[in-house]
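Structural overview for review
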Amino acid sequence: MAYLLPHLHNGWEVDQAIVTEEDRVVLIRFGKDDNSTCMVQDEVLMAIADKVKNFAVIYLVDNEEVPDFNNMYELFDDCTTMFFYRNKHIMVDLGTGNNNKINWALADKQEFIDIIEMVYRGARKGRGLVVSPKDYSTKYRY
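As recorded in an unreviewed UniProt entry, the protein goes by Thioredoxin-like protein and comes from Cylindrotheca closterium. According to UniProt, the comment filed for the protein under the heading Sequence similarities (unreviewed entry) is "Belongs to the DIM1 family." Entered under Subcellular location (unreviewed entry) in the UniProt record, the comment concerning the protein runs "Nucleus".

Written out as structure tokens, the structure reads:
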């Protein structure tokens, strides 16, 4: 399903997507389209794209085709999702210790919509760090 979402093919396109969007959250999924983790994430992103179009825009970036951001954002995982608002990186406290990005595939559509909505609400208030509605730490998993 990755082919249905807009792809950014160079560093300039990524920068322009982040800089030029004024009113919505820019969600960028870094990873390879043929990676199984990214495929799961792309299915969810495709399913929710129409539901979040009023407050978020979704882009996909192949981090082998566009290696410009790999060191800057520490993109060493198979699939990484990051949020930006008005040219500012928005961090999300998911309870995992890494607030910069989501580095696993979220398979639940409603959970992902809730996270995007919290990012949008917090970013509009000027917050650089928002707290996720659900704690994804491993301390509650038995």
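Right, let's get into helix H1 (residues 11–20). Within an α-helix, residues lying three or four positions from one another point in the same direction, as the helix has 3.6 residues per turn. For H1, the full list of buried residues reads Gly-11, Val-14, Ala-17 and Ile-18. In an axial view of H1, the angular spread of the buried residues amounts to 130 degrees, which keeps them on one side of the axis. Capping the start of H1 is the job of one residue whose side-chain oxygen sits 3.2 Å from the backbone nitrogen of Trp-12: Asn-10.

Quick look at the side chain of Glu-21 now. Checked against the element boundaries, Glu-21 lands in the loop between H1 and strand S2 (25–31). Polar contacts involving the side chain of Glu-21 include one to the side chain of Arg-24, which spans 3.3 Å. For Glu-21, the contacting residues outside a window of four places in its chain are Val-26, Val-57 and Arg-86.

Next up on the list: the packing of aromatic side chains. For the coordinates displayed, the defined rule picks out seven aromatic pairs. A ring pair is formed by Phe-69 and Tyr-73, whose centres lie 5.9 Å apart and whose planes are at 10 degrees; its orientation type is stacked. In terms of burial, Phe-69 and Tyr-73 fall into one category: buried. For the ring pair Tyr-85 and Tyr-120, a centre distance of 6.3 Å and an interplane angle of 85 degrees mean the geometry is edge-to-face. Placement of the pair is Tyr-85 in strand S4 (residues 79–85) and Tyr-120 in helix H3 (residues 109–124), with a sequence separation of 35 residues. For Tyr-85, a relative accessible area of 5% puts it in the buried group. Residue Tyr-120 is classed as buried on the basis of its relative accessible area, which comes to 17%.

Reading the values: the criteria
Here the residue numbers are simple positions, counted from 1 along each chain's written sequence. Only residues with pLDDT of at least 70 get local features here, since the model is predicted, and only at 80 or more are side-chain atom pairs given and counted; chain-wide, interface and lining totals rely on the full set of residues. Hydrogens are left out, water is left out, and the side-chain values use all remaining heavy atoms of the structure. UniProt positions are given in the numbering used here, feature names are shortened, and annotations may be inferred rather than shown by experiment. Residue burial is assigned from relative accessible area. The probe radius is 1.4 Å, only protein chains are included, and a residue is buried under 20% of its type maximum, exposed over 50%, and partly exposed in between. For the purposes of this entry, the term helix denotes a DSSP run of H or I that reaches at least four residues, the term strand denotes a run of E that reaches at least two, and both are numbered from the N terminus. Taking the helix axis as origin, the arc is that swept by the directions to the C-beta atoms. By the criterion applied in these results, polar contacts are pairs of N or O atoms within 3.5 Å in which, for protein atoms, one can donate a hydrogen and the other can accept it, and in which residues neighboring in sequence qualify only through two side-chain atoms. The contact criterion used is simple: two residues touch if any of their non-hydrogen atoms lie within 4.5 Å. Aromatic pairing here means that ring centres of Phe, Tyr or Trp (its six-membered ring) are within 6.5 Å. Orientation follows from the plane angle: under 30 degrees is stacked, over 60 is edge-to-face, and everything else is tilted.

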